[in-house]
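# Commentary on secondary and tertiary structure
Chain by chain, the residues:
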Amino acid sequence: MKKLILSFIFFTLTTWNSFADGIVSQVISAPIFANGTVRNIPSGINIYLQNDNVQGLDFMNPAVIGYGIPPGGSLEVEMISGFERDPKVPLDSRSLLLTVGAPQQGLPEKSGRHKISQGDNEFTFIIKPTSPDGMTPESLESPAKGVAFDQVQQRGIKIIHIGRYFAFISRGEKGVVEVRFKDKGGNVIAKGRGEIRFLDEPRAQIFPTNITHDQRNHNWQRLKPGQVVGVAKDTLPMPFLLFDKNKGIGNMGIYGAGILSNHQLEEAGFLMPKELERYNGGLILKDRNGDGVLVPADDIIIGGIVNDVPEGATGYQAVTPLVAEKPFLSKPTVDFNKRAGKSFGGAIMQVVYIAGDKQGFYRTTFSLLERLGDITSPDGSSVTYTVVVE
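Residues numbered from 1 in each chain as written. Predicted model: local features only at pLDDT ≥ 70, side-chain atom pairs only at ≥ 80, totals over all residues. Heavy atoms only, no water.

This paragraph deals with the sheet that holds strand 16 (residues 221-223). Judged by pairing direction, the sheet is mixed, and its six strands sit side by side in the order 16-28-27-21-20-19 without closing on themselves. Strands with a single pairing partner mark the edges of an open sheet, and in this sheet they are strand 16 and strand 19 (257-261). The sheet shows a mean angle of 25° between the axes of neighbouring strands, taken without regard to direction. Examined bridge by bridge, strand 21 (residues 300-308) and strand 27 (residues 360-369) share six bridges and lie antiparallel to one another. Paired with Asn-307 across the strands is Thr-364, a residue of strand 27. (Pairing = 2+ DSSP bridges. Helix = DSSP H or I, 4+ residues; strand = E, 2+ residues; numbered from the N terminus. Axes fitted to C-alpha atoms, helices over the stretch in contact; angles between N-to-C directions.)

Written out as structure tokens, the structure reads:
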């Protein structure tokens, strides 16, 4: 019980992109919709949690335990402003899913021992334990098949996914949400609020995903210096879900995409344009002519890579894996998982990561240009993977 109580301390202010505070670190697009945060389109969002000791993305580390709900208590999620309610879609397990990490491993009602329903108003979800013992964080694990093979299993609530069925439509400039944990007496014991600014038009999107490998956790993988994520024992290539610029709720993928590290670009004699010098790890390209080979001078530059590594580390790089001596470029999601491909669409791109020579966290951010192919464009969608070198 001591660990359960400690996980409900009230938290300090943090800022990440749009405003967020308390136990909310950020509110972002759900990683299965091309247009989940576009204005006047049905809302698909993820609310990332944190605690006072572990902030931001570090809270997604599987070594960090997430939240639970105390006996007789509840979790409330309120759509404070910026969301229009669709009364035809109920607030239940079809419109909200608790997850234990990122990429999201779902925690359905049955395995999570909870019930989701509408709260005091039509903009509030309420989640209550179905067991008199509540939902202890340490006991909350996803039932996904691949979880048993994770190097470290995620435990506890870390992300709240809204929009499996669309109960809300994004309206105006921004949306504000609030998360509240309550004890059995109805007292708020932890809370946080965050906002997300809605896009005025669709953009290409890059998301983390665990569609491949039975929903195993591809983030926060652990290995030794110099080993390769995706080759070393118990590791997997890092997968990304790619959506091209889509209209409405379509989910068309970006096909034929891959990456070239800065080292590979130098070997190809490619001089990085000044507009792209922020990408210290390499570029994301899309094959232009369908030959299955990435040529930086000829193919379409759609984004880039930024590395954040331990001081003094060398030898690290992210690269596209080779199959039959050709880069394994992004392919339709249905090629990896028929069910997910039909449900979500998009394309899957895989990346292997060569670890550096120093121990610590190697954090790599993969960003798409807001306007694909325009090197003067600012960054649009991005996703960060962390590799732990031990």
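Here we take up the environment of Val-309. When you line up the elements, Val-309 lands in the loop between strand 21 and strand 22 (317-319). Judged by its relative accessible area of 22%, Val-309 is partly exposed. On a C-alpha basis, the gap between Val-309 and Pro-143 in space is 33 Å, while along the polypeptide they are 166 residues apart. Not counting chain neighbours up to four residues away, the residues in contact with Val-309 comprise Tyr-316, Tyr-353, Phe-361 and Tyr-362. (Buried < 20%, exposed > 50% of the residue type's maximum accessible area, 1.4 Å probe, protein only. Contact = heavy atoms within 4.5 Å.)

A few words on the confidence of the model for the protein. Looking at the protein, pLDDT values average 92 and 95% of them are 70 or higher. The low-confidence segment residues 1-17, where pLDDT is below 50, has 48 contacts with residues more than four positions distant or belonging to other chains. (pLDDT = per-residue confidence, 0-100.)

The next subject is the pattern of salt bridges. Within the structure shown, the criterion is met by 17 salt bridges. Glu-195 is the salt-bridge partner of Arg-197, the closest N and O atoms lying 3.6 Å from each other. A relative accessible area of 9% means that Glu-195 is categorised as buried. The closest approach of N and O atoms between Asp-374 and Arg-371, which form a salt bridge, is 3.0 Å. According to the relative accessible area criterion, Asp-374 is partly exposed, its value standing at 26%. A network of salt bridges, in which partner residues are shared, links Glu-76, Glu-78, Glu-178, Arg-180, Lys-182 and Arg-193. (Salt bridge = Lys/Arg side-chain N within 4 Å of Asp/Glu carboxyl O.)

Take the layout of surface pockets next. Gaps between atoms show up when a probe of the same size as a water molecule is rolled over them. Here the largest pocket defines a volume of roughly 1100 Å³. Surrounding the largest pocket, 40 residues form its lining, Ile-32, Gln-215, Arg-339, Ala-340 and Phe-344 being those nearest its centre. Tallying contributions element by element places helix 4 (residues 338-344) first for the lining of the largest pocket, with four residues. Broken down by class, the residue content of the lining of the largest pocket amounts to 19 nonpolar, 16 polar and five charged. (1 Å grid on protein atoms, 1.4 Å probe; cavity = no way out; pocket = protein on both sides within 12 Å on 5 of 7 lines; lining within 4 Å. Points joined across faces, edges and corners; volume = space filled by probe spheres on them. Nonpolar A, V, L, I, M, F, W, Y, C, P; charged D, E, K, R; others polar.)

Our next topic: the pairing of strand 9 (residues 114-118). In the sheet, strand 9 pairs with strand 10 (residues 124-129) via five bridges, with the strands oriented antiparallel. Paired with His-114 across the bridge in strand 10 is Pro-129. Count of turn residues in the strand 9/strand 10 antiparallel hairpin: five residues.

With that out of the way, let us pick up unusual backbone geometry. Note the cis peptide between Ala-102 and Pro-103, where omega equals 0°. Inspection of the secondary structure assignment puts Pro-103 in the loop between strand 7 (96-99) and strand 8 (106-107). Phi is positive for Ala-324, which is not a glycine, with a value near 55°. As for its placement among the helices and strands, Ala-324 is situated in the loop between strand 23 (322-323) and strand 24 (326-327). Of the residues examined, Ala-324 reaches a relative accessible area of 72% and is grouped as exposed. Although it is not a glycine, Glu-325 sits at a positive phi angle of roughly 65°. With respect to the helices and strands, the residue Glu-325 is situated in the loop between strand 23 and strand 24.

The next point concerns the pairing of strand 4 (residues 45-49). Counting buried positions over the five residues of strand 4 gives five, a clear majority of the element. Judged by which residues are buried, strand 4 turns out to be covered on both faces: Ile-45, Ile-47 and Leu-49 on one side and Asn-46 and Tyr-48 on the other are all buried. As paired elements, strand 3 (residues 24-29) and strand 4 share five bridges and run antiparallel to each other. Bridge pairing in strand 4 places Ser-29 opposite Ile-45. When strand 4 meets strand 11 (residues 159-162), the two strands line up antiparallel, connected through four bridges.

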